Amino acid sequence: ARAVQAGDTVAGHGMWGRDDDDGSYWIGGMVVDRAEQGHGVGRAALLTIVRWLAERPDCAVIRLSYHPDNVAAVHERHQVLVREPLQRFSAQPVR
């Protein structure tokens, strides 16, 4: 997990992990402080994590998890897929 910062302020956190069985990395548990939501902080953090993981030689695929009822998260993940058209990238709802 890493802290998400907006300037000098900690504005949330992002978590990821690696599945040793298939070599995929999962990104989930993205949390952005309510005061920072809607300002691009979450999207910037997610893009940073995706790009960082994509550069790893042991990264076979990157998967995003999100709750399907979280409309903002669904939209954000779609925007990342549009910006980062990686062949090894998928977004999946998790309940």
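Given the structure is predicted, the values throughout are model-derived calculations rather than measurements. (Residues numbered from 1 in each chain as written. Predicted model: local features only at pLDDT ≥ 70, side-chain atom pairs only at ≥ 80, totals over all residues. Heavy atoms only, no water.)

**Concerning the overall build of the protein chain**
What counts is decided by this rule: Labels follow the DSSP assignment, with helices taken as runs of H or I lasting at least four residues and strands as runs of E lasting at least two, numbered in each case from the N terminus. Each residue is assigned to one of three classes by its accessible area relative to the maximum for its type, calculated with a 1.4 Å probe on protein chains only: buried under 20%, partly exposed between the two thresholds, exposed over 50%. For the area figures, the Shrake-Rupley method with a 1.4 Å probe applies, and any residue is considered shielded solely by the protein chains shown.
Counting secondary structure elements, the protein chain contains two helices and five strands. Reading the helices (α) and strands (β) of the protein chain from amino to carboxyl end gives β-β-β-α-β-α-β. Per-residue burial for the protein chain yields a buried fraction of 36% across its 95 residues. Carbon and sulfur atoms make up 49% of the accessible area of the protein chain, which totals about 5900 Å².

**Thoughts on the pairing of strand 2 (residues 9-19)**
This is how the line gets drawn: Here a strand pair is declared whenever DSSP counts at least two bridges between the two strands.
Relative to strand 2, strand 1 (residues 2-6) runs antiparallel, the two sharing five bridges. Bridge assignment links Gln5 to a residue of strand 2, and that residue is Val10. Linkage of strand 1 to strand 2, two consecutive antiparallel strands, is achieved through a turn of two residues, within which Gly7 is found at a positive phi near 70°. In this sheet, strand 3 (residues 24-32) lies alongside strand 2 in antiparallel orientation, the contact comprising seven bridges. Residue pairing in the sheet places His13 in a bridge with Val31 of strand 3.

**A short note on the nonpolar core**
The following threshold applies: In this description, a nonpolar core means a group of buried Ala, Val, Leu, Ile, Met, Phe, Trp, Tyr and Cys residues linked to one another through side-chain atoms lying within 4.5 Å.
Ranked by size, the top nonpolar core spans 16 residues in total, and within it Ile27, Met30, Leu46, Leu53 and Ile62 carry the most contacts. Here this core takes seven residues from helix 1 (residues 41-54), the largest share from any one element.

**Things to note about the side chain of Ser24**
Our working rule: Two N or O atoms form a polar contact when they lie within 3.5 Å of each other; inside protein one atom must be a possible hydrogen donor and the other a possible acceptor, and for residues adjacent in sequence the pair counts only when both atoms belong to side chains. In what follows, a contact means two residues having at least one pair of non-hydrogen atoms within 4.5 Å.
Along the polypeptide, Ser24 turns up in strand 3. The exposure class of Ser24 is buried, given its relative accessible area of 0%. For Ser24, the side chain forms a polar contact with the side chain of Asp22, separated by 2.7 Å. Among the polar contacts listed, one links the side chain of Ser24 to the side chain of Arg63, at a separation of 3.0 Å. Beyond its immediate sequence surroundings of up to four residues, Ser24 is in contact with Gly17, Arg18, Asp19, Val61 and Arg63.

**What about the pattern of salt bridges?**
To keep it simple, the criterion reads: A pairing counts as a salt bridge when a side-chain nitrogen of Lys or Arg comes within 4 Å of a carboxyl oxygen of Asp or Glu.
Under the counting rule described, the total for this entry stands at four salt bridges. With a closest N to O distance of 3.1 Å, Asp22 and Arg63 form a salt bridge. Taken together, the positions of Asp22 in the loop between strand 2 and strand 3 and Arg63 in strand 4 (residues 61-66) put the pair 41 residues apart, joining distant regions of the chain. On the basis of relative accessibility, which here comes to 19%, the residue Arg63 falls in the buried class. Each member of the salt-bridge network shares a partner with another, and the members are Arg18, Asp20, Arg56 and Asp58.

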